[in-house]
Amino acid sequence: QKVDITQRTLTVQGYAHMYVAPNICYIKFSSASTDKESASVAFKSNAIIMGRIAEELKAKGVEEKDMQTLNVHLSPQYRYEGVTNKKFHDGYLVQQDLQVKIRDLS
């Protein structure tokens, strides 16, 4: 085969690194509450805990717009009897996650 010597190729390869100081930090707070009898009690207990966390964050200067609930999960809890492997209702579990954006890292 004949090779076309007029064809030219230029290949360039390079790498770059950039270092910057962070200006925002995200923190996730999680809370879990249980109650043997009532999902409502477990939910209210968890709401009190997360409310206290939010109030403390506000007192430290975090704005409400920088707090976001990521997850609220309610589930029944079960235990299993060892010999018969029967399932028994054992209460309720509430889990909640709160994401906080920290803008002032100084």
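Everything here concerns the structure above.
Residues numbered from 1 in each chain as written. Predicted model: local features only at pLDDT ≥ 70, side-chain atom pairs only at ≥ 80, totals over all residues. Heavy atoms only, no water.

Looking at this model, I keep getting lost on the overall build of the protein. Mind explaining?
Regarding its fold elements, the protein presents one helix and three strands. Of the contacts made within the protein by residues no fewer than 6 positions apart, 65% connect residues no fewer than 24 positions apart. Split by element, the accessible area of the protein, about 9000 Å² in all, is 52% carbon and sulfur. (Helix = DSSP H or I, 4+ residues; strand = E, 2+ residues; numbered from the N terminus. Contact = heavy atoms within 4.5 Å. Areas by Shrake-Rupley, 256 points an atom, 1.4 Å probe, with all protein chains shown as cover.)

Help me understand the sheet that holds strand β2 (residues 67-80), please; the structure alone is not making it clear to me.
In a beta sheet, neighbouring strands pair by backbone hydrogen bonds and run either parallel or antiparallel. If you trace the three strands from one edge of the open sheet to the other, you get β1-β3-β2, paired in antiparallel fashion. A single partner strand is all that each edge strand has here, and the edge strands are β1 (25-35) and β2. Strand-to-strand twist of the sheet, defined as the mean angle between neighbouring strand axes without regard to direction, takes the value 20°. Both β2 and strand β3 (residues 87-102) contribute to a ladder of 12 bridges, which runs antiparallel. Its bridge partner lying in β3, Ser75 is registered against Leu93. Running at roughly 150° to β1, helix α1 (residues 39-59) makes contact with β1, β2 and β3 of the sheet. (Pairing = 2+ DSSP bridges. Axes fitted to C-alpha atoms, helices over the stretch in contact; angles between N-to-C directions.)

Looking at this structure, I do not really get the environment of Leu57. What am I missing?
By the element assignment, Leu57 lies in helix α1. For the pair Leu57 and Val100, spaced 43 residues apart in the sequence, the C-alpha separation amounts to 8.8 Å. The contacts of Leu57, once residues within four sequence positions are left out, are Phe29, Val62, Met67, Leu98 and Val100.

What exactly am I supposed to notice about the side chain of Ser75 here?
Topologically, Ser75 is positioned in strand β2. At a separation of 3.3 Å, a polar atom in the side chain of Ser75 contacts the side chain of Gln77. In contact with Ser75, not counting residues within four places along its chain, are Gly91, Tyr92 and Leu93. (Polar contact = N/O pair within 3.5 Å; in protein donor to acceptor, adjacent residues only side chain to side chain.)

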